[in-house]
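The chain contents come next:
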Amino acid sequence: MTFDSPAPWLYAICFTVPAVVIVAALGLARRYVRGTTLLAPWCWALLALAVLVGVEFLALLVSEGTPRWLGAARYVAAVATFCPTMAVLGAKRPQERAWHIIVLALWFVLALPALQDVIYHYGRPISLDSAWRGFVALLIAVGWVNYLPTRYWPASILYGAAQVVLLADYLPLGDKLGIDHTWRVPVALSLFALAAALPALGWPSRTTVADPAERLWRDFRDCYGILWAVRVDRRATETVNAAAPTDGSRSDPEALRANERTLIAHLQRFVSRSWIIQRLPSAFVSFDPPK
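Since we're looking at a predicted model, the values are computed, not measured. Each chain carries its own residue numbering, running from 1 in the written order of its sequence. Local features in a predicted model are, by the rule used here, given only for residues with pLDDT of at least 70; side-chain atom pairs are given and counted only at 80 or more, and totals for whole chains, interfaces and linings are based on all residues. Calculated side-chain values reflect all of the structure's heavy atoms, with hydrogen atoms and water omitted.

Caption draft 1: Up close: the pattern of salt bridges. Should a side-chain nitrogen of Lys or Arg be within 4 Å of a carboxyl oxygen of Asp or Glu, the pair is scored as a salt bridge. Scanning the entire structure with this criterion turns up seven salt bridges. Put simply, R279 and D219 hold a salt bridge, and the shortest N to O gap is 3.2 Å. With a gap of 60 residues between them, R279 in helix α12 (residues 273-279) and D219 in helix α9 (residues 212-224) connect regions that are remote in the sequence. In this scheme, a residue with accessible area under 20% of its type's maximum is buried, one over 50% is exposed, and one in between is partly exposed, where area comes from a 1.4 Å probe on protein chains only. R279 sits in the buried class, given a relative accessible area of 13%. Note that D222 and R221 form a salt bridge whose closest N and O atoms lie 3.1 Å from each other. Pair check on accessibility: D222 and R221 agree, each one buried. Shared partners join several salt bridges into a network, and the residues in it are R151, R221 and D222. Secondary structure counts use DSSP, requiring at least four H or I residues in a row for a helix and at least two E residues in a row for a strand, with both numbered from the N terminus.

Written out as structure tokens, the structure reads:
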């Protein structure tokens, strides 16, 4: 692998150190996703990291010159970072297992330009048309939109910024960013590492909420994003309203209890009962989720 600066060993350190930080942060997060459907996005994140780092190590093993396949391989590794965010969007039981096929298919579709490059234009830079560039930008925006209204908005911004760095050549006006190709992967991995480290360190801290049910919903929103949180809240509200007496005979405590029970029933499609009880010790979860 050819470098004007730095030396290959120094470059290896520059992308290995943030990779180790990411692995450590994912290791800490493992206990929080155990028993939830977020285990699948966790696995996709680990896979994306392995692909990113693996491509760089393979490139370093080439003794002379820059391998002709490096551009295509880096592109495939970069679009793999969409897999964790897309996996979150399907993280609901019982379809979360089948959703893996969709995530894998998305990765394959995004990687098609690299495959075409290898078959028809081996060694040339990958070129995307404006529609494809817009689609890549849209996928980055989906991750931002989903987590910006949550407690983890700084990590969301950093994660999206890392994707912009990796995919600058394949975004609208990406060539205007002026990001040096030599440092692109280390810089992106450093941003990923910071995005992973902030939640592991507990920053930003959780907002104090008096209502346990509200705290439960907020924790779910922070973990799964605003798209799932709004949908669950809407479905729970519709269920409660449909079951409410038309004569208004239900008391306020009964209504609150009904709201709580319905919310818990819907959350059981995402998280374990122990996850719910940790946040709502009085939760009654011995009933089946709604059909």
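Back to the text.
Caption draft 2: Representation of the nonpolar core in the model. Counting residues in hydrophobic clusters, the biggest one holds 68 residues, and the most contacted among them are L167, L189 and F220. The greatest single-element share of this core, amounting to eight residues, is contributed by helix α2 (residues 39-61). Those residues in contact with L189 that sit more than four places away from it in its chain are F15, P18, I22, L49, L52 and V53. Side-chain atoms within 4.5 Å are what join buried Ala, Val, Leu, Ile, Met, Phe, Trp, Tyr and Cys residues into a set we call a nonpolar core. Any pair of residues with heavy atoms lying within 4.5 Å of one another is described as a contacting pair.

Caption draft 3: Looking closely at the packing of helix α7 (residues 153-166) against helix α8 (residues 184-200). The axes are straight lines fitted to the C-alpha atoms, using for helices just the contacting stretch, and the angles between their N-to-C directions are given from 0 to 180°. Relative to each other, α7 and α8 sit at 165°, their axes nearing to 8 Å. Taken together, the axis directions place α7 and α8 in an arrangement best described as roughly antiparallel. Two packed elements cross with a definite hand, and for α7 against α8 that hand is left-handed. Of α8, the residues touching α7 (which contributes P154, A155, L158, Y159, A161, A162, Q163, V165 and L166) are R184, V185, V187, A188, L191, F192, L194, A195, L198 and P199. Classification convention: Asp, Glu, Lys, Arg as charged; Ala, Val, Leu, Ile, Met, Phe, Trp, Tyr, Cys, Pro as nonpolar; all other residues, Gly among them, as polar. Of the residues that constitute the contact of α7 with α8, the class distribution is 17 nonpolar, one polar and one charged. The cut-offs work like this: below 35 degrees is roughly parallel, past 145 is roughly antiparallel, 65 to 115 is roughly perpendicular, and the gaps in between are oblique. Crossing chirality is assigned from the near helix's rotation relative to the far helix, an anticlockwise turn below a right angle marking it left-handed and a clockwise turn marking it right-handed.

Caption draft 4: Structural view of a nonpolar patch on the surface. On the surface, F108, V109, L115, V118, I119, Y120 and Y122 cluster together into a nonpolar patch covering about 700 Å² of accessible area. By secondary structure assignment, the location of V109 is in helix α5 (residues 96-120). For V109, a relative accessible area of 34% translates into the label partly exposed. Patch definition: residues with relative accessible area over 30% and no salt bridge; like charges joined within 9 Å; nonpolar side chains (Val, Leu, Ile, Met, Phe, Trp, Tyr) joined within 5 Å. Here the Shrake-Rupley method, with its probe set to 1.4 Å, supplies the accessible areas, and only the displayed protein chains count as covering residues.

Caption draft 5: Fine view of helix α1 (residues 8-33). Between its first and last C-alpha, α1 extends 37 Å over 26 residues, near the 38 Å set by a 1.5 Å rise per residue. Those residues of α1 not exposed but buried are Y11, A12, F15, P18, A19, I22, A25, L26 and V33. Check the buried side of α1 and you find it contacts α2, α3 (70-79) and α8. G35 lies just past α1 and shows a positive phi near 85°. To estimate how far a helix should reach, multiply one less than its number of residues by 1.5 Å.

Caption draft 6: Seen up close, the packing of α1 against α8. α8 packs onto α1 with a crossing angle of 25° between their chain directions and a minimal axis gap of 8 Å. As summarised for this structure, α1 and α8 are arranged roughly parallel, according to the angle between their axes. Like other packed secondary-structure pairs, α1 and α8 cross with a definite hand, here left-handed. Here Y11, C14, F15, P18, V21, I22, A25 and L28 of α1 lie close against α8, whose contacting residues are V185, P186, L189, S190, F192, A193, A196, A197 and A200. Per-class residue counts for the contact of α1 with α8 are 16 nonpolar, one polar and no charged.

Caption draft 7: Structural view of the environment of Y122. For Y122, the location among the structural elements is in the loop between α5 and α6 (130-147). Judged by relative accessible area, which is 35%, Y122 ranks as partly exposed. For the pair Y122 and W69, spaced 53 residues apart in the sequence, the C-alpha separation amounts to 7.3 Å. If sequence neighbours within four positions are ignored, Y122 has contacts with R68, W69 and D117.

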